[in-house]
Amino acid sequence: MKEPFITKEKAAEIIKKFPTPFHIYDEKGIRKNAENLKKAFSWNKGFKEYFAVKATPNPFLIKILREYGCGCDCSSKTELMLSKAIGAVGNDIMFSSNDTPADEFKYCNDLGGIINLDDITHISAVEKACGSLPKKMSCRYNPGGIFKISNGIMDNPGDAKYGMTEEQIFSAFKIMKEKGVEEFGIHSFLCSNTVTNEYYPLLAKVLFELAVKLKNTLDVNIKFINLSGGVGIPYKPEQKPNDIFEIGNGVHKVFDKILVPAGMQDVAIYTEMGRFMLGPYGALVTTAINEKHTHKEYIGVDACAVNLMRPAMYGAYHHITVLGKEKQECVNKYDITGSLCENNDKFAIDRMLPKIDMGDILYIHDTGAHGFSMGYNYNGKLKSAEILLHPDGSFELIRRAETPKDYFATFDCFDIYNSLING
Ligand SMILES: *Cc1c(COP(=O)(O)O)cnc(C)c1O
C-alpha cells in the first residue's frame with residue numbers, strides 16, 4: 001500500500017490558498033530519511049552526501065538537507081549559483097558535470113568546489129580555464145560492458161556517455177599528479193533507480209579495487225570515493241523499498257575487506273543521491289476537470305506533462321491516489337491525461353482506480369525528485385507552485401507558480417512585450 005502524506009481535508013485546506021496543480025513536499029519524511037542516511041554511513045568518518053541539485057533545485061528543500069551535513073552535487077552554472085546562494089561552497093560542492101563549458105569549470109573553481117572530471121581531455125580544459133589544476137580533483141570512471149547483480153542485468157555502462165575508461169583514468173591520475181594535484185577522488189554512476197540493496201556494495205567493490213590499484217601503481221593520495229546516485233525508490237506499490245542501513249552495512253563490509261587491508265581506512269565515502277533523498281517525499285496534487293468517454297475512459301486533470309514529465313518521457317509508473325477514496329475499490333479503468341497536444345501526455349494508462357468525479361483531487365506519488373525539475377513549457381503551459389508541508393501540519397509556499405509574464409519574459413527587450421503580458 002502506498003499512502004499519501006496528506007489527507008483530502010489537508011489538501012482542501014491547502015487548495016483554498018494555493019490552487020492546483022502544485023507539488024507538495026513532506027518535511028517530516030525528508031528529515032527522517034536524511035537522518036537515517038547519516039546514521040547508516042556513520043561508520044565512515046568522512047561520509048558526505050552531495051544532494052544532486054538537478055533532482056529538485058529548490059533552495060528551501062536543499063537547506064533542510066544541509067542541516068544533515070549534505071553538500072550539493074552540481075552539473076551546471078545555475079546549479080552552482082543556487083548552491084552558492086544557500087552557502088554551499090568549497091568542499092560542499094561536487095561538480096559532476098559532463099560536456100562542460102570552460103567558463104563553468106572556472107566558476108566552480110572560484111567557489112572552491114571539487115571538480116569531478118568526466119573526461120581526460122578536460123584536464124587541459126580546467127588548466128586553461130583556471131590557470132592551474134586545483135589541489136583536489138576527482139575523475140569519473142566508466143568500466144564499460146554491462147553491470148550485473150545477482151538477479152540479472154542492471155544497466156549498460158558501455159553505452160553510457162559518461163566517464164573514462166580504466167586506461168584513461170590511470171593516465172589522467174598520472175598527468176594530474178605531475179601537474180600538482182595532491183588529493184584524488186574516484187566517481188562512478190552505473191545504474192539509475194536501483195531498487196535493491198546490492199547496488200552500492202557492488203559498485204563500491206569495483207571502485208575500491210580500482211582505488212587500490214591506482215594507489216599502488218601511481219602512489220596517489222586517494223581521499224574519497226564517490227558512489228554517486230542511482231539508489232532508487234519503489235514507484236510501484238508491490239516494490240520493496242531499499243533499506244539504507246543494509247546498504248550502509250554492505251558498503252562497510254566491502255570497505256573492510258578491500259580498503260582497510262590496503263591501508264586506505266581513511267578514505268571518505270561520498271554519495272550524490274537525488275531520487276532517494278527526496279523522491280518519495282514529494283507529490284503532485286491535481287484536480288479532475290474533464291471526463292471523456294470515447295474508445296477509452298479518460299479523466300483530464302489540471303496538471304500535465306509539463307509538471308511531471310517522467311510518464312511521458314520514460315513511460316514511468318507513478319502511483320495515483322484519489323484523495324478521500326483511499327478505501328474504495330478500484331473498479332474503473334482510466335487513462336489520466338493532461339492537456340498537452342501530445343498523446344503521450346498521460347499520467348497513467350489503463351489504470352484501475354475508484355470512480356472519479358469531477359472536482360476529485362488526485363495525488364500523484366513520488367514526484368519529489370526529477371519531478372518539477374524536468375518541467376518545460378510546451379504548449380505555453382506554466383510550471384506549478386511548490387509547497388512545503390511542515391511537521392506541525394502548517395504549510396508554506398516555497399516557489400510560486402509561473403505566470404504568463406514569466407513565460408513571455410525573454411521578449412522583454414522587444415516592443416511586443418507589453419501586448420504579450422497585458423492579455
Ligand atoms: C542524476 C545524477 C545523480 C543523482 O541521481 P539519482 O538517481 O537521483 O540518485 C547523481 N550524480 C550525477 C552525476 C547525476 O547525473
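Each remark here, short or long, concerns the structure printed above.
For every chain, the first residue of the written sequence is number 1, and numbering continues from 1 onward in sequence order. Totals for whole chains, interfaces and linings use every residue, but because this is a predicted model, local features are given only for residues with pLDDT of at least 70 and side-chain atom pairs only at 80 or more, for both listing and counting. Side-chain metrics rest on all non-hydrogen atoms present in the structure, leaving aside hydrogens and water.

K.L.:
Whenever I open this one, the pairing of strand β12 (residues 282-293) confuses me. Can you help?
P.N.:
If a strand is regular, its side chains alternate between the two faces of the sheet. Whether two strands pair depends on DSSP finding at least two bridges between them. Secondary structure counts use DSSP, requiring at least four H or I residues in a row for a helix and at least two E residues in a row for a strand, with both numbered from the N terminus. Where strand β1 (residues 22-26) and β12 come together, four bridges link them in antiparallel fashion. Looking at the pairing, tyrosine 25 lines up with glycine 282 of β12. One ladder, built from five bridges, connects β12 with strand β13 (residues 297-301); its direction is antiparallel. Across the sheet, the residue bridging to alanine 288 is valine 301, located in β13. The antiparallel hairpin formed by β12 and β13 contains three residues in its connecting segment.

K.L.:
Help me understand helix α4 (residues 77-85), please; the structure alone is not making it clear to me.
P.N.:
The rule is simple: take the accessible area with a 1.4 Å probe, protein chains only, and divide by the maximum for that residue type; under 20% is buried, over 50% is exposed, in between is partly exposed. Buried residues of α4: Glu79, Leu80, Leu82 and Ser83, and no others. Around the axis of α4, the buried residues are gathered within 160° of arc, so they sit on the same side. Within α4, the exposed residues directed more than 90 degrees away from the buried face are Thr78 and Ala85. Along its buried surface, α4 packs onto α3 (59-66), β3 (71-74), β4 (93-95) and α5 (102-110). Within two residues after α4, glycine 87 carries a phi angle of roughly 85°, on the positive side. Arc, as used here, means the arc of the directions from the helix axis to the C-beta atoms. Working rule for contacts: check all heavy atoms of both residues, and any pair within 4.5 Å makes them a contact.

K.L.:
Please explain a nonpolar patch on the surface as it appears in this structure.
P.N.:
Residues qualify for a patch when their relative accessible area is over 30% and they have no salt bridge, like charges being joined within 9 Å and the nonpolar side chains of Val, Leu, Ile, Met, Phe, Trp and Tyr within 5 Å. Throughout, the Shrake-Rupley method with a 1.4 Å probe supplies accessible areas, and for residues the shown protein chains are the sole cover considered. Any Lys or Arg side-chain nitrogen found within 4 Å of a carboxyl oxygen on Asp or Glu counts as a salt bridge. The grouping of Phe411, Phe414 and Ile416 at the surface amounts to a nonpolar patch, some 300 Å² of accessible area in total. With respect to the helices and strands, phenylalanine 414 occurs in the loop between α12 (404-407) and α13 (417-421). Here phenylalanine 414 falls in the partly exposed class, since its relative accessible area comes to 49%.

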